[in-house]
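# Commentary on secondary and tertiary structure
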Amino acid sequence: MTTTFERLRAILIKDYKFTPDLLVLEAPLEELGIDSLGTAELLFNIEDEFGVTLPPDAVQLTTLGDVVGFIDDLIVTQRKNQVQTDPVADFALPAV
Amino acid sequence: MRRVAVTGMGVVSPLGNSAQAAFEAARDGRSGIGFIDTPFARRLVAPIAATAQFDGAAWFEPLKLRMLDRVSQFAVVAANQALANANANANINTDTDWAQMDRSRVGVFVGTGMGGTLSNDDGYKTLYADGSDRIKPFTVLAGMHNAPAAWIGLEHGLTGPNLTYSTACSSSAVAMGEAWLRVASGAVDMAIAGGSEAPLSFGSMKAWEALHTLAAVDIDAPAASCKPFSKNRTGMVLGEGAAMLVLEAWDSAVARGASIQGELLGYGLTTDAGHITRPSVVGQAAAMSAALRSAGLDLSAVDAINAHGTGTQANDAVETAAIKAVFGARACQIPVSATKALHGHLLGAAGALECVLSLLAMQHQVVLPTLHLLLPDPECDLDYVPNLARHHVPVRTMLSNSFAFGGTNAVLVLRASS
């Protein structure tokens with residue numbers, strides 16, 4: 001199964017024309033030329049690929065690894081929320 | 001007031017992507033107008049335009065390109081050319097004064113009529129046509145009118161005034177005139193001035209079509225569809241591109257050994273306040289007279305005129321009458337060129353492109369032709385230099401006319417480098 005990192009790398013290589021060697025988990029986004037504005041645009045572009053919806057508030061991400069972690073968290077949270085909005089599951093879960 | 005030299009010129013246009021290439025095409029009568037190859041062409045009554053052969057990917061890093069509408073891409077490339085041409089770019093020649101120049105004394109003055117209309121159009125398509133809410137995050141940045149000027153300033157670290165003028169078809173003439181005023185007055189020492197336009201979106205082309213100002217396709221010769229001053233003219237053809245000029249205080253240009261390409265002598269600006277589209281003989285004539293007054297020249301100094309010459313029924317007849325109103329009996333002896341027959345109407349970039357062409361024409365002692373003028377119109381009875389350039393003509397001083405919807409008339413007075 002393709003990992004989140006591999007899918008993110010594929011987007012960065014195809015749409016952003018990055019050299020694959022630069023794309024390691026530790027790579028700081030700023031050093032790749034992706035500032036906070038660029039990060040917001042990148043996250044917009046990965047919404048479709050990962051089937052997630054970004055939260056409205058801004059996030060602080062420093063490295064590519066942070067982006068991978070952020071996406072993974074979103075996937076988990078939003079899958080759980082989908083379960084939560086299911087009326088049966090909703091009933092079974094404790095109220096928060 | 002200080003004298004103002006033109007020391008650099010850059011062009012992206014339907015006639016080629018350098019000032020020299022565009023000049024040669026204009027001189028030789030090579031048209032940049034043709035059928036457009038785009039999916040929406042079949043929904044246009046006249047699927048023709050003057051397109052620039054330009055791929056932003058060849059000029060910009062992918063990350064940066066994502067933020068740049070085509071209008072900003074044109075502007076930055078033309079400005080870079082102009083600065084390189086002015087030998088003022090640190091990347092070109094590190095020991096010029098550019099490296100030490102106080103960049104707070106350098107301004108950017110850009111005209112655009114429609115700004116980032118391609119990006120806005122793309123956003124509307126997402127929302128309204130595709131029914132999606134996924135409008136791109138950079139739509140505002142790419143679409144805003146001042147993006148072209150801002151990117152030029154960012155590219156070169158220019159911290160002086162950074163201004164955008166939007167007066168429809170006279171935008172870039174206004175930008176150059178306002179830059180001229182600031183260099184002449186000493187408010188700045190150098191200016192990058194000109195215009196950029198990328199209006200060939202589906203929405204924009206349909207809107208122009210709906211206004212009934214666009215030329216019908218000449219079935220026999222699509223490239224000849226724009227016919228300024230000809231009896232059978234049917235309108236203008238939209239064009240895209242940018243032209244940027246480096247304006248500099250004359251004395252400092254001379255002191256740093258810059259190659260002086262010409263001089264901006266004056267600028268006349270009037271407003272019709274009569275009708276939103278209908279041109280006015282009085283307003284246009286007043287702008288020409290005001291330009292000559294600001295240059296301290298009398299009528300006899302004008303050797304040639306670059307006409308606004310759009311190829312619409314209204315403009316060409318009114319502009320002819322305005323030239324006659326200013327120059328009287330001498331009007332018939334002044335060559336009047338309308339280069340839009342070849343490069344189309346670049347709207348907010350038209351005036352700057354035509355200044356570049358006029359300055360190069362004077363340098364080469366050429367009077368540029370008005371193409372596709374085969375049927376004389378009794379209402380348009382000046383010397384339009386029909387179809388063929390004239391060579392070995394000592395043209396020293398020219399007017400360049402730009403008139404606009406909204407009624408803003410801007411006229412620049414240009415002098416050849418001697």
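The coordinates are above.
Since the model is a prediction, treat every value here as computed from it, not as a measurement.

## Some details on the state of the cysteines
All names here are of chain B. Counting across every chain of the model gives 0 disulfides over all chains. Of all cysteine sulfurs, the one in C169 lies closest to C226, which takes part in no disulfide; the gap is 12 Å. For C226, a relative accessible area of 1% puts it in the buried group. Here C380 is not disulfide-linked; the sulfur of C332 is the nearest cysteine sulfur, at 12 Å.

## What about the pattern of salt bridges?
Scanning the entire structure with this criterion turns up 23 salt bridges over all chains. Among the ionic pairs, E49 of chain A bridges to R7 of chain A, the shortest N-O distance being 3.0 Å. One end of the pair, E49 of chain A, is in helix α2 (residues 36–50); the other, R7 of chain A, is in helix α1 (residues 4–14), and 42 residues separate them in sequence. Given a relative accessible area of 37%, E49 of chain A falls into the partly exposed group. A salt bridge links E248 of chain B to R256 of chain B, with the shortest nitrogen-to-oxygen separation between them at 2.6 Å.

## Let's talk about the packing of aromatic side chains
Counted according to the given criterion, the structure contains 7 aromatic pairs over all chains. Ring centres of F229 of chain B and Y384 of chain B lie 4.0 Å apart, and the angle between their planes is 15 degrees; on these two criteria the pair is classed as stacked. Linking F229 of chain B in the loop between α8 (202–210) and β7 (241–249) with Y384 of chain B in the loop between β11 (366–367) and β12 (390–391), this pair joins segments that are 155 residues apart in sequence. Side by side, F229 of chain B and Y384 of chain B carry an identical accessibility label, which is buried. Clustering of aromatic rings is evident, with ring pairs tying together F54, W59 and F74 of chain B. Its guanidinium or amino end placed over the ring of W250 of chain B, R3 of chain B lies 3.9 Å from that ring's centre, counting from NZ or CZ. In this arrangement the basic side chain of R66 of chain B is found over the ring face of Y16 of chain A, its NZ or CZ atom lying 3.7 Å from the centre.

## Topic: the side chain of S196 of chain B
All names here are of chain B. Summarising the element assignment, S196 is placed in strand β6 (residues 190–197). Among the residues examined, S196 registers a relative accessible area of 0% and is labelled buried. Among all residues touching S196, those that are not within four sequence positions of it are V71, F74, A75, V110, G111, T112, G241, A242, M244, G348 and A349.

Rules of the game
- Residues numbered from 1 in each chain as written.
- Chains lettered and ligands numbered in written order.
- Predicted model: local features only at pLDDT ≥ 70, side-chain atom pairs only at ≥ 80, totals over all residues.
- Heavy atoms only, no water.
- Disulfide = S-S within 2.5 Å.
- Buried < 20%, exposed > 50% of the residue type's maximum accessible area, 1.4 Å probe, protein only.
- Salt bridge = Lys/Arg side-chain N within 4 Å of Asp/Glu carboxyl O.
- Helix = DSSP H or I, 4+ residues; strand = E, 2+ residues; numbered from the N terminus.
- Phe/Tyr/Trp six-rings, centres within 6.5 Å; stacked < 30°, edge-to-face > 60°.
- Lys NZ or Arg CZ within 6 Å of the ring centre and 35° of its normal.
- Contact = heavy atoms within 4.5 Å.

Structural measurements only, silent on function.
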